[in-house]
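Descriptive structure summary
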Amino acid sequence: MNMTTPPPHITIALCTYNGAAHLRAQLDSYLAQDHTAWSLWVSDDGSTDDTRTILQDFAQTHGAQHPLRVIDGPQQGVAANYLSLLCHPEFPAGMTALSDQDDIWHAHKLSRAVEVMQEATQPWLYGAQSVHVDDTLTPIGASSTTGAVPAFSNALVQNIVSGHSAVLSAQTLALVRRAGVPQGIPYHDWWLYLLVTGAGGHVVVDEAETLLYRQHGDNLMGAHGGWRSTVARLSQVFGTTYAGWLDANTAALSTCAGLLTPQARETLHSFAARPRTLRMLRRAGIHRQGRMGTACVHLAALLRRL
């Protein structure tokens, strides 16, 4: 008798806040997935538009095949919304795909992640590429993380795993839950990258494009290309914003340092010391992807902006 392994069940973790304008299109792209073994958990952060109604309609129509659970978010920002959802005591164990509320997934979004992660036996974090589109779904750019080399020494100063494309192995979800909901961190996807690399897990930055990533004012910093994004990032690095992010991430990691490898704990200890000097960065191997990015961090250290 030919025995085949059934496809893994994936829980889609969707966070919403007044997303009615584009939510139906995102939900429809779930239904179009060629990997059909999925259910949906939603943390709604206090929407006052038709978001909840759209979710109720979806549950009534498709809930038998794709169960839907909606919980109330903490209303403390996007990062807290996602991580509190993942750490909800009743959130299902197993592979988990994060989702924005206004993107459109390609039909192979989930199956591609399953294909890449099928042999995961340790914490794995998967990220992929996206086509950047405007509100009319006209392509205006693309992500630029192909060729990135994941490392904890990189994660301390840069995120390379986009939350809208991220898929967590069962082991990564368990790791996230052990760490708990961190306080004050700037981005949930950056936290996942830090936590997985720090714990000695495996991070994959796939070259495949798996979704349409809708661009608007709220997610300017999520787009890695374009002069507006570049200027905004430089102003943050050489202002006080970036250093504040690094401090918040470092403080949060310090509370769960027992989950990190000895080498990562040593690197974290060096990075937490102030001031963050150029000598320390070089000695610890702290770097961004690409020479220019690393040079900017080095310059910020020289100017005492870290």
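Okay, so let's go over this structure. (Residues numbered from 1 in each chain as written. Predicted model: local features only at pLDDT ≥ 70, side-chain atom pairs only at ≥ 80, totals over all residues. Heavy atoms only, no water.)

**As for the nonpolar core**
- In terms of nonpolar packing, the biggest core is built from 54 residues, with L86, L125 and W191 touching the most fellow members.
- Counting residues per element, this core draws most heavily on helix α7 (residues 188-198), which supplies seven residues.
- Sequence-distant contacts of L125, that is, excluding residues within four places in its chain, are made with V161, A166, V167, L168, T172, L192, Y193, V196, H202, V203 and V204.
- Residues L14, L23, Y126 and A128 belong to the second largest nonpolar core, which totals 28 residues. (Core = buried A, V, L, I, M, F, W, Y, C linked by side-chain atoms within 4.5 Å. Buried < 20%, exposed > 50% of the residue type's maximum accessible area, 1.4 Å probe, protein only. Helix = DSSP H or I, 4+ residues; strand = E, 2+ residues; numbered from the N terminus. Contact = heavy atoms within 4.5 Å.)

**So, the environment of D49**
- Within the fold, D49 resides in the loop between β2 (38-44) and α2 (51-62).
- According to the relative accessible area criterion, D49 is partly exposed, its value standing at 29%.
- Once residues within four sequence positions are removed from consideration, D49 is found in contact with N18, G19 and A20.
- Engagement of the side chain of D49 in a polar contact is seen with the backbone nitrogen of G19, the distance being 3.3 Å. (Polar contact = N/O pair within 3.5 Å; in protein donor to acceptor, adjacent residues only side chain to side chain.)

**Remarks on unusual backbone geometry**
- Backbone torsion omega between R274 and P275 reads -5°, so that peptide bond is classified as cis.
- When you line up the elements, P275 lands in the loop between α10 (262-272) and α11 (278-284).
- Positive phi, close to 45°, is recorded for N18, a residue that is not glycine.
- Following the sequence through the fold, N18 ends up in the loop between β1 (10-16) and α1 (20-31).
- Here R304, not a glycine, exhibits a phi torsion of approximately 60°, which is positive.
- Counting through the fold element by element, R304 comes out in the segment after α12 (291-302).

**Observations concerning a nonpolar patch on the surface**
- A cluster of nonpolar side chains, contributed by L299, L302 and L303, occupies part of the molecular surface with about 290 Å² of accessible area.
- Here L302 lies in helix α12.
- Given a relative accessible area of 56%, L302 falls into the exposed group. (Patch = residues over 30% accessible without salt bridge, like charges linked within 9 Å, V, L, I, M, F, W, Y side chains within 5 Å. Areas by Shrake-Rupley, 256 points an atom, 1.4 Å probe, with all protein chains shown as cover. Salt bridge = Lys/Arg side-chain N within 4 Å of Asp/Glu carboxyl O.)

**Remarks on the environment of L260**
- You can see L260 is positioned in the loop between α9 (241-255) and α10.
- When the C-alpha positions of L260 and G200 are compared, they lie 7.2 Å apart, and in sequence the two are 60 residues distant.
- What L260 contacts, discounting residues up to four positions off in sequence, is G198, A199, L253, R265 and L268.

**Description of α9**
- Under the 1.5 Å per step criterion, the end-to-end length of α9 is 22 Å for 15 residues, consistent within 8% with the ideal 21 Å.
- Within the sequence span of α9, burial applies to Y242, A243, W245, L246, A248, N249, T250, A252 and L253. (Expected span 1.5 Å × (residues − 1).)

**Some points on the packing of aromatic side chains**
- A complete count under the given rule lists five aromatic pairs for this structure.
- Between the aromatic rings of W41 and F91, the centroid separation amounts to 5.3 Å while the plane-to-plane angle is 65°, which identifies the pairing as edge-to-face. Placement of W41 in strand β2 and of F91 in the loop between α3 (78-86) and β4 (95-99) is noted, with a sequence separation of 50 residues between them.
- F91 gets classed as buried once you look at its relative accessible area, which sits at 4%.
- Aromatic side chains W190 and W245 sit 6.3 Å apart centroid to centroid with 90° between the ring planes, which places their arrangement in the edge-to-face category. Of this pair, W190 sits in helix α7 while W245 sits in helix α9; the two residues are 55 residues apart in sequence, bridging distant segments of the chain. Comparing W190 with W245, the two get one shared label, buried.
- By way of ring pairs, the aromatic residues Y30, W38 and W105 are connected into one cluster.
- We note K109 situated over the ring of W105; from NZ or CZ to the ring centre the distance is 4.4 Å.
- Directly above the ring of F271 sits R276, whose terminal nitrogen or CZ lies 4.4 Å from the centroid. (Phe/Tyr/Trp six-rings, centres within 6.5 Å; stacked < 30°, edge-to-face > 60°. Lys NZ or Arg CZ within 6 Å of the ring centre and 35° of its normal.)

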